[in-house]
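Here is how the chains run, residue by residue.
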Amino acid sequence: MFYGGVEAGGTKFVCAVGDEHGNIIEQVQFPTTVPEETMQKVIEFFRKFEIKAMGIGSFGPCDIDPDSSTYGYITSTPKIPWKNYPIVRVLKKVFNVPIGFNTDVNAAALGEATFGTAKGLDSCLYITIGTGIGAGAVIHGNLLQGLSHPEMGHILVRRHPDDTYQGKCPYHRDCLEGLASGPAIEERWGKKGSELTDRQEVWELEAFYIAQALTQYILILSPKKIILGGGVMKQKRIFPLIHENVKQIINNYLDFRELSSHIDEYIVSPGLEDNAGITGSLLLGKQAYQETKKG
Ligand code: ADP
Ligand code: ZN
């Protein structure tokens with residue numbers, strides 16, 4: 001039985017067909033342009049297969065409340081052509097199969113909790129540090145959802161006293177995303193992150209902000225594993241800096257080996273590497289299929 005998965009990112013779309021064990025049978029990716037063009041490619045890809053259900057992990061904000069009239073819409077995105085785009089409705093019309101819909105980071109958290117580095121744990125947090133910062137959480141085995149999906153990238157952090165950069169978030173200026181996303185690094189230092197590998201001060205400041213955020217997530221959600229993905233986290237040298245900063249902020253207040261001697265196994269890279277999001281999207285499809293079987 002095959003499922004379809006769409007990882008709808010602001011930069012690129014990944015589409016895959018896979019089985020219920022998370023094995024990907026075929027996968028394609030293409031840049032995110034305008035909906036007419038991008039969705040045509042999505043539809044062409046899936047037409048080749050007979051799929052039972054689909055899952056979409058989407059960039060946001062998006063409407064994940066099944067009772068809402070705009071359920072399955074990408075809502076207030078700064079990517080204007082995609083604003084209020086009914087992605088679920090468009091795919092439903094063509095394929096008429098059950099469709100699961102959630103954020104890209106919630107999908108990635110689900111992928112990691114099911115087949116990745118948090119396998120066997122009933123909670124984890126997946127955070128992407130890329131063009132934006134976003135996080136998804138699995139808590140008690142379920143994706144965390146309230147009024148809507150969490151927006152953990154926009155929390156406020158304490159500024160480093162030497163950091164005079166104004167911040168890049170159009171809504172909050174110097175929230176976490178405003179200070180620590182890939183574009184914030186590029187604007188502050190005048191070069192892309194990938195060209196700043198040898199500049200230790202760049203990664204020390206980055207770890208200073210990320211560690212504050214992680215500490216707040218730990219204190220509020222108490223996840224059993226924290227997974228950091230996204231383009232900026234390709235700089236593996238940030239990990240030990242984050243570990244040290246988190247330990248310092250917690251200051252032995254919480255007495256767990258995950259927050260002391262074993263912190264390098266607690267705050268980690270995705271076990272599924274770049275496939276966390278697409279694997280989770282397939283799982284959203286599987287969940288949607290199982291829901292329809294139930295009733
Ligand atoms: P998106 O968030 O758009 O889905 P990515 O997760 O790849 O895509 O994040 C893109 C951001 O990550 C860009 O701002 C880019 O400059 C930054 N980035 C990509 N590779 C690296 C790298 N090796 N080191 C530091 N930053 C990087
Ligand atoms: Zn913000």
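What you see is a predicted model; the values in this text were computed from it and never measured.

Let us look at the site of ligand 1. What surrounds ligand 1 is a group of 13 residues, the closest being Thr-11, Thr-131, Gly-182, Gly-231 and Gln-235. At a separation of 2.5 Å, an oxygen atom of ligand 1 approaches a polar side-chain atom of Thr-131. Here ligand 1, which alone exposes 570 Å², has 68% of that area covered by the protein. Across the shell around ligand 1, the residue classes tally to three nonpolar, nine polar and one charged.

Moving on to the coordination of the zinc ion (ligand 2). Surrounding the zinc ion (ligand 2) are the protein donor atoms His-154 (ND1), Cys-169 (SG), His-172 (ND1) and Cys-175 (SG), which sit 2.1 to 2.4 Å from the metal. One way to put it: the four donor atoms around the zinc ion (ligand 2) meet at angles of 103 to 120°, and that makes the site tetrahedral. Considered as a linear motif, the donors of the zinc ion (ligand 2) on their single chain read H-x14-C-x2-H-x2-C. The class for Cys-169 is buried, based on a relative accessible area of 5%.

Here the focus is the pattern of salt bridges. The final tally for this structure, using the stated rule, is ten salt bridges. Measuring nitrogen to oxygen at the nearest pair gives 3.2 Å for the salt bridge that ties Glu-26 to Lys-48. One end of the pair, Glu-26, is in strand β3 (residues 24-31); the other, Lys-48, is in the loop between α1 (35-47) and β4 (53-58), with 22 residues separating them in the sequence. Given a relative accessible area of 32%, Glu-26 falls into the partly exposed group. On the accessibility criterion, Lys-48 (54% relative accessible area) is exposed. Note that Glu-291 and Lys-294 form a salt bridge whose closest N and O atoms lie 3.1 Å from each other. Here Glu-291 and its partner Lys-294 are both found in helix α9 (residues 276-294), three residues apart, which amounts to about one turn of the helix.

Quick look at the environment of Glu-36 now. Relative to the assigned elements, Glu-36 resides in helix α1. The spacing of Glu-36 and Ile-64 is 28 residues in sequence and 22 Å in space, taken between C-alpha atoms.

So, on to the sheet that holds strand β6 (residues 124-129). Read across the sheet, five strands follow the order β8-β7-β6-β9-β10 without closing on themselves; strand pairing throughout is mixed. This sheet does not close on itself; its edge strands, each paired only once, are β8 (142-143) and β10 (267-268). Of the strand pairs in this sheet, β6 and strand β9 (residues 226-229) are connected by four bridges, and their pairing is parallel. Note on β9: the bridge partner recorded for Leu-125 is Ile-226. In the packing of helix α6 (residues 200-221) onto the sheet, contacts are made with β6, β7 (133-139), β9 and β10, and the angle to β6 comes to roughly 155°.

Let us look at the sheet that holds β3. One open sheet holds the five strands; their spatial order is β3-β2-β1-β4-β5, and the pairing between them is mixed. Here the strands that pair on one side only, and so sit at the sheet edges, are β3 and β5 (99-103). This sheet shows a mean twist of 15° between the axes of neighbouring strands, independent of strand direction. Pairing analysis gives five bridges linking β4 to β5, with the strands arranged parallel. Of the residues in β5, the one forming a bridge with Gly-55 is Gly-100. Those strands touched by helix α3 (residues 104-115) are β1 (3-8), β4 and β5, and its axis lies near 105° from that of β5.

This part covers unusual backbone geometry. Look at the link from Gly-60 to Pro-61: it is a cis peptide, with omega at 0°. Its identity as a non-glycine residue notwithstanding, Asn-96 has a phi of 45°, on the positive side. Residue position: Asn-96 is located in the loop between α2 (87-95) and β5. Asn-96 sits in the exposed class, given a relative accessible area of 61%.

Let us now look at the pairing of β1. Two faces, one strand: in a regular strand the side chains alternate between the faces of the sheet. Taken across its six residues, β1 has six buried, putting it largely inside the fold. Judged by which residues are buried, β1 turns out to be covered on both faces: Tyr-3, Gly-5 and Glu-7 on one side and Gly-4, Val-6 and Ala-8 on the other are all buried. In this sheet, strand β2 (residues 12-18) lies alongside β1 in antiparallel orientation, the contact comprising six bridges. By the bridge assignment, Glu-7 is partnered in β2 with Val-14. Here β1 hands over to β2 after three residues, the two strands then running antiparallel side by side.

Definitions and cut-offs
Residues numbered from 1 in each chain as written. Chains lettered and ligands numbered in written order. Predicted model: local features only at pLDDT ≥ 70, side-chain atom pairs only at ≥ 80, totals over all residues. Heavy atoms only, no water. Near = heavy atom within 4 Å. Polar contact = N/O pair within 3.5 Å; in protein donor to acceptor, adjacent residues only side chain to side chain. Areas by Shrake-Rupley, 256 points an atom, 1.4 Å probe, with all protein chains shown as cover. Nonpolar A, V, L, I, M, F, W, Y, C, P; charged D, E, K, R; others polar. Donors = N, O, S within 2.8 Å, 3.2 Å for Na, K, Ca; no water. Tetrahedral: all angles 85-135°; square planar, octahedral: opposite > 155°, others 65-115°. Buried < 20%, exposed > 50% of the residue type's maximum accessible area, 1.4 Å probe, protein only. Salt bridge = Lys/Arg side-chain N within 4 Å of Asp/Glu carboxyl O. Helix = DSSP H or I, 4+ residues; strand = E, 2+ residues; numbered from the N terminus. Pairing = 2+ DSSP bridges. Contact = heavy atoms within 4.5 Å. Axes fitted to C-alpha atoms, helices over the stretch in contact; angles between N-to-C directions.

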